[in-house]
Amino acid sequence: MAEIMQKKKPSFAYHFSLYRFLKHFSVLLSLSTIFSSVRAFDYADALSKSLLYFEAQRSGRLPYNQRVTWRDHSGLTDGLEQGVDLVGGYYDAGDHVKFGLPMAFTVTMLSWGVTEYGEEISYVGEMEHVFEAIKWGTDYFIKAHTSPNVLWAEVGDGDTDHYCWQRPEDMTTSRQAFKIDENNPGSDLAGETAAAMAAASIVFRKNNPHYSHLLLHHAQELFEFGEKYRGKYDNSVGEVKSYYASVSGYEDELLWAALWLYKATDNEEYLKYVINNANSFGGIGWAITEFSWDVKFAGLQIIASKLLQEEKHKEHSHMLEQYRSKAEHYICSCLNKNNGSSNVERTPGGLLYVRQWNNMQYVSTSAFLLSVYSDFLQKSNQKISCSEGIVDHEDLFNFAKSQVDYILGFNPRNMSYLVGFGPNYPKRVHHRGASIVSYRENKGFIGCTQGYDYWYNRDEPNPNILIGALVGGPDNQDNFEDDRANYVQTEACTYNTAPLVGIFAKLNFLNNPPLIASF
């Protein structure tokens, strides 16, 4: 098990500045009502553990301060056959393919968490680890964007990779790389990668301005590439169709990228793009009940709604209000406040249930969006009028918290679906590296079939704990089978955990505010 580095205790000056921050937004006044009669977990511990997961998913040459010590260097020749350096980045889940679209969404969500809850993350003492998690992804995107109109989309092949059960350090599967370019477009991939780099540029603006500027430059080029050469990336890179097909198309990613670029640059042209293409690209047409690596509309609509707070956006208020209408359809559907079938289903234990495979990804993103919109409603002193009733910021926040608490163990099985958190969590996660003896302990080569014969089919728990991984979770009746072969429920993904980072920080802060009386 990885060791967690000791965190520095926040200083008096920091406590005081944070207190003034809280007082300004009147958060302390509502703490007692928000947390009355509800269960509270150690959200700081959950946050710290969630960040360890990203270190377990690293590809490439691991740094000296790597805390997940059962991992070692891997994928050190990625891109070599194509004459490019594609070493680094993240493995998306329990295998060893580097898929660009979900990796970019992971980085976007980590960065969004910082832009919303940076103060709260700093309060826990985890900001440096969040910076590292984001930068590990963006460093790779810089490498993968080898020229203005070329972006490497994938390293490895899912079909051959899935025939093998090996540690990443032993990989013998194909490391062929695939790209999008002018003749093989991928506006969805270019758009999401642009969004990730634009969002990350905001994160690094103060502490690493040169790097921030570099990220913004790449983001702008990628957006221009995606806009000029339009097309779905899975039509150009057929290998992704069985794994990360772009079902929603590329229009949502182009709007999403433009909005993040507007937030990063304050350049009115990007906002006009979001406004002018709102109808034709589905931004104000699609009423969506999920937010994921594929479907960005709900996140786009919520960020666009928040622009209504600022006077300078008054001229676009008519269109922004339409974005807001769709955002609130999503919110109401999560709260079961829409009419009929347009609500998101729930399990008997109260968990949002979108679909069977890896349902927790939709739970974590919804909890984050509900939390962000709750903040917006509180600061603007507004409520939402759903077809089944009026809801306020506390309704949103309390439901978001209920979803997080379900994840952490407040559920019919009393199981934490965040690996390593609490006494009862999945022990047989569908993950190659975690399920095989650590390379640091035994450097003896383990081949494809050997891994299946001796490790995959074992009944024993994994020898390495994949701390901070959010697994796919229970079925629609709250049932869960902790079986390595049950990948629908026991496989974790980077984009499952990423949205939780910010909300863990917020929940911890509200549950453990600064000791103002000591002043």
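Definitions and limits used
Residues numbered from 1 in each chain as written. Predicted model: local features only at pLDDT ≥ 70, side-chain atom pairs only at ≥ 80, totals over all residues. Heavy atoms only, no water. UniProt positions renumbered as here; feature names shortened; annotations may be inferred. Helix = DSSP H or I, 4+ residues; strand = E, 2+ residues; numbered from the N terminus. Contact = heavy atoms within 4.5 Å. Polar contact = N/O pair within 3.5 Å; in protein donor to acceptor, adjacent residues only side chain to side chain. Disulfide = S-S within 2.5 Å. Buried < 20%, exposed > 50% of the residue type's maximum accessible area, 1.4 Å probe, protein only. Expected span 1.5 Å × (residues − 1). Phe/Tyr/Trp six-rings, centres within 6.5 Å; stacked < 30°, edge-to-face > 60°. Lys NZ or Arg CZ within 6 Å of the ring centre and 35° of its normal.

A. Local environment of the UniProt feature "active site" (unreviewed entry) in the chain. Following the UniProt record, one finds the feature "active site" (unreviewed entry) at His 430. In this fold, His 430 is placed in the loop between α15 (393-408) and α16 (432-435). Once you skip the residues sitting within four places of it in the chain, His 430 turns out to touch Gly 94, Trp 165, Tyr 456, Arg 484, Tyr 487, Thr 490 and Glu 491. A polar side-chain atom of His 430 sits 2.7 Å from the main-chain carbonyl oxygen of Arg 484.

B. Examining the state of the cysteines more closely. Scanning all chains against the criterion turns up 2 disulfides. Disulfide pairing places Cys 164 opposite Cys 448 at an S-S distance of 1.6 Å. Given an S-S torsion of about 55°, the disulfide between Cys 164 and Cys 448 has right-handed geometry. With a gap of 284 residues between them, Cys 164 in the loop between α6 (158-162) and β3 (177-180) and Cys 448 in helix α17 (residues 448-456) connect regions that are remote in the sequence. The side chain of Cys 332 participates in a disulfide bridge whose partner is Cys 386; the two sulfur atoms lie 1.9 Å from each other. Taking the sign of the S-S torsion, about -80° here, the bridge from Cys 332 to Cys 386 comes out left-handed. Within this pair, whereas Cys 332 is found in helix α13 (residues 317-334), its partner Cys 386 is found in strand β6 (residues 384-386), the two being separated by 54 residues in sequence. Residue classification places Cys 386 among the buried residues on the basis of a relative accessible area of 7%. Of note for the chain: the bonded cysteines, numbered N- to C-terminal, pair according to 1-4, 2-3. Cys 334 forms no disulfide, and the closest cysteine sulfur to it belongs to Cys 332, at a distance of 9.3 Å. Under the relative-accessibility criterion, Cys 334 is labelled buried at 1%.

C. Broad picture of the side chain of Arg 67. Within the secondary structure layout, Arg 67 lies in the loop between α3 (43-56) and β1 (98-99). With a relative accessible area of 4%, Arg 67 lands in the buried category. Side chain to side chain, Arg 67 and His 129 meet in a polar contact 3.5 Å long.

D. Highlighting the UniProt feature "domain: Glycoside hydrolase family" (unreviewed entry) in the chain. What UniProt calls "domain: Glycoside hydrolase family" (unreviewed entry) maps, in this numbering, to residues 43-503. As a span, residues 43-503 carries 48% helix and 5% strand, and end to end its C-alpha atoms are 9 Å apart.

E. Region of the structure containing the environment of Glu 311. Tracing the backbone shows Glu 311 in the loop between α12 (297-306) and α13. Separated by 32 residues in sequence, Glu 311 and Asn 343 have C-alpha atoms that sit 33 Å apart.

F. Spatial organisation of helix α14 (residues 360-380). Counted at 1.5 Å a residue, the expected span for α14 with its 21 residues is 30 Å, and the 30 Å between its end C-alpha atoms agrees. The buried fraction of α14 amounts to 18 of the 21 residues, a majority that puts the element mostly inside the structure. Looking one or two places after α14, you find Asn 381, whose phi comes out positive at around 55°.

G. Molecular detail of the packing of aromatic side chains. Enumeration according to the criterion identifies 31 aromatic pairs in this entry. Ring centres of Phe 223 and Tyr 273 lie 5.1 Å apart, and the angle between their planes is 80°; on these two criteria the pair is classed as edge-to-face. With a gap of 50 residues between them, Phe 223 in helix α8 (residues 209-228) and Tyr 273 in helix α11 (residues 268-276) connect regions that are remote in the sequence. As far as burial versus exposure is concerned, Phe 223 and Tyr 273 are alike and both buried. Here a set of aromatic residues connected by ring pairs shows up, and it is made of Phe 105, Trp 112, Tyr 117, Trp 256, Trp 260, Phe 291 and Phe 368. In this arrangement the basic side chain of Arg 58 is found over the ring face of Trp 136, its NZ or CZ atom lying 4.5 Å from the centre. The cationic tip of Lys 135 hangs over the ring face of Tyr 211; the distance from NZ or CZ to the ring centre is 4.7 Å.

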